[in-house]
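# Analysis of the macromolecular model
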Amino acid sequence: MIIRFKNFSYFLYIFFAFLSLNIFFFSTDKVEAKSFDVNNIEISKPFEINFDKNKVIDDGFIKAFSRLISSITVSSDQEIIKEIKLAEIKGMIESFSVKEEKFIDETYYVNLGVTFNKKKIFDYLENKNVFPSVPNKKKFLLFPIIIEEKNDNLIAFSENNLFNNWNKYKKKSHLLEYLLPTEDLEDLNLIKKNYETIEKYNFEDITRKYNLADSIVTLVFKNNNVRILSRITIEDKVVLKNLSFSDINFDDEDDIKNLIDKLKIIYEDHWKIFNRINTSIKLPIFVKLDSDDNLKVSNFEKILNEINLVYDYFVLKFDKNHIYYQIIFNGTPNIFLKLMKDKNFVFNTQNKTWILQ
C-alpha cells in the first residue's frame, strides 16, 4: 500500500517536532533538578547479633547531610538545623551508592556516595531562614606571624607553631586550601622593617610572589592576652578581623590545634558569606534560542546546570524554529548576564523574552 502526502513539508514538520519533543523534554528532565554530591562517607559498625545494615546506611545519610550543610552554611546557622529528623534527610536524597563494603575483624565497613536534590536542600534552608553559599573551593596564601609585644620579637616561618601545624588539621567539609610561604630571609627582613606599622602594612610585596590573588595574613599579638588581627584579601577587597583570646600556650599542641580550628571556622565563614546565595530571590528569566542548533542547546543546558545560582529551568514550549526556556534565578538579571557572558553566551535583552545570540 502506498501512502501519498499532499503536503510533504507538513509531514516533515510533524516528524521533526516529535523528534524535538523527545530530545529536548527528555534531556531537560535529566538536568532539571541539580544536585549536591557528597562522596567518601565512611561508616563502620561491629558485626553483632542485632546488626542491621539499613541502620548503618541511615548513619551514612546523616553524616553526608552534616558534611553538606557544613560546606554550604556558616557555623552560626549550622546550630539552627542541627536537630533535623532522618525522615527529612531521606526526603532530600535523590540517590545513593555503595562504593565499597567489607568485613574486617567482625566489623562492617562501608563507603557511601549520597546525592541530594539541590532544590529541596535550598527550600529546606529557606524555611529555616538560612541562606546557603556556593560550595566553591579556594586556595589562599596564609602568612601567620606571632609578635611578642613585651620584647618586640617577631616569630615567623618554621619557628612559629601556627605555621608548622596549620595544614595538619583539615576537615572534609572545608572549602579553603592554604598555601604557606617558603622561608625567605628577604621577606622576614621586610616584615621587620615594617614592624612599627605592621597593622597597616599591606604585605603586597610578599604575597604577589606566589601568583595568588587571595591571601590571609594572621598577626598574633602576644601580651597578657592574645589579640589576632586577620587581614583577609579576596579579589582586591580587604577585610580586617580583630579577635581576642586568653590562656593560649603556643607550646601546647592541644592549644595550638584549638586555635587553628577556631581561626579556620572564621575564615571558612567569611568565604561562605562572600559566596552566599539569596534563595529568597527567584527571578524568572525567559530565553529563546534556535532549535536547529543541537550543540548550542546542549551547551546552554550544560551551563545552566553548572551555575549554582540557577534554581531551576525548564522548556516552556517550542516550535519549528525556537525553543523557549524559563529560568528561575537566585539573583539579579545583571549577575545572570555576567555569569553567562563568562561562558561565552550573549543575549539580546530588548524584549521580555531574551534571545540567545
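Below or above, wherever it landed, is the structure these notes cover. The numbers attached to residues start from 1 for each chain and follow its sequence in the written order. Confidence filtering applies because this is a predicted model: local features only for residues at pLDDT of at least 70, side-chain atom pairs given and counted only at 80 or more, and all residues used for totals across whole chains, interfaces and linings. Side-chain metrics rest on all non-hydrogen atoms present in the structure, leaving aside hydrogens and water.

## Some details on the nonpolar core
- The set of buried Ala, Val, Leu, Ile, Met, Phe, Trp, Tyr and Cys residues whose side-chain atoms join them within 4.5 Å is what this entry labels a nonpolar core. Partly exposed residues are those whose accessible area sits between 20% and 50% of the maximum for their type, while under 20% is buried and over 50% is exposed, using a 1.4 Å probe and protein chains only. With 53 residues, the main nonpolar core has F116, I121 and F300 as its most contacted residues.
- Whether two residues are in contact is decided by their heavy atoms, any of which lying within 4.5 Å being enough. Among all residues touching F300, those that are not within four sequence positions of it are V287, L289, Y325, I327, M340, F345, F347 and L356.
- Grouped together as the second largest cluster of nonpolar side chains are 44 residues, F143, Y195, I198 and I228 included.

## Examining the pattern of salt bridges
- A carboxyl oxygen of Asp or Glu within 4 Å of a side-chain nitrogen of Lys or Arg is what we treat as a salt bridge. Taken as a whole and judged by the stated rule, the model has 18 salt bridges.
- Between K282 and E126 there is a salt bridge, with its nearest N and O atoms 2.8 Å apart. A residue pair is termed long-range when its members are at least 10 positions apart, and K282 in the loop between α9 (253–274) and β10 (283–290) and E126 in helix α5 (residues 118–127) qualify at 156 residues.
- Of the charged contacts in the structure, one is a salt bridge between E306 and K302, with a shortest N-O distance of 2.7 Å. Residue E306 and its partner K302 are located together in helix α10 (residues 294–306), separated by 4 residues, close to a single helical turn.
- Residue classification places E306 among the partly exposed positions, given a relative accessible area of 38%.
- With relative accessibility at 47%, the residue K302 sits in the partly exposed group.
- Bridged by salt links that share partners, the residues D184, D187 and K209 form one connected network. Only runs of H or I of at least four residues qualify as helices and only runs of E of at least two qualify as strands under DSSP, and these elements are numbered from the N terminus.

## Things to note about unusual backbone geometry
- Its identity is not glycine, yet N40 carries a phi of approximately 60°, on the positive side.
- Tracing the sequence through the fold places N40 in strand β1 (residues 35–46).
- On the accessibility criterion, N40 (45% relative accessible area) is partly exposed.
- One non-glycine residue, D152, lies in the positive phi region at around 50°.
- By the element assignment, D152 lies in the loop between β4 (138–148) and β5 (153–155).
- Of the residues examined, D152 reaches a relative accessible area of 54% and is grouped as exposed.

## Remarks on the sheet that holds strand β2 (residues 93–104)
- With respect to topology, 3 strands assemble into an open sheet ordered β1-β3-β2, the strand pairing being antiparallel. For this open sheet the edge positions go to β1 and β2, each flanked by a neighbour on one side alone. Geometrically, the sheet is characterised by an average inter-axis angle of 15° between neighbouring strands, direction not taken into account.
- By the bridge criterion, 10 bridges tie β2 to strand β3 (residues 107–117) in an arrangement that is antiparallel. Residue pairing across strands places S95 opposite T115, the latter belonging to β3.
- The strands that helix α2 (residues 53–72) touches are β1, β2 and β3; relative to β1, the one it contacts most, it runs at about 135°.
- Axis geometry follows a simple rule: fit a line to the C-alpha atoms, using only the stretch in contact for helices, then measure angles between N-to-C directions, giving values from 0 to 180 degrees. Contacting β1 and β3, α5 runs over the sheet at an angle of about 80° to β3. What makes two strands pair is DSSP finding at least two bridges between them.

## What to know about the environment of F318
- Mapped onto the elements, F318 comes out in strand β11 (residues 310–318).
- For F318, a relative accessible area of 22% corresponds to the partly exposed category.
- With 282 residues separating them in the primary sequence, F318 and F36 have C-alpha atoms 30 Å apart.

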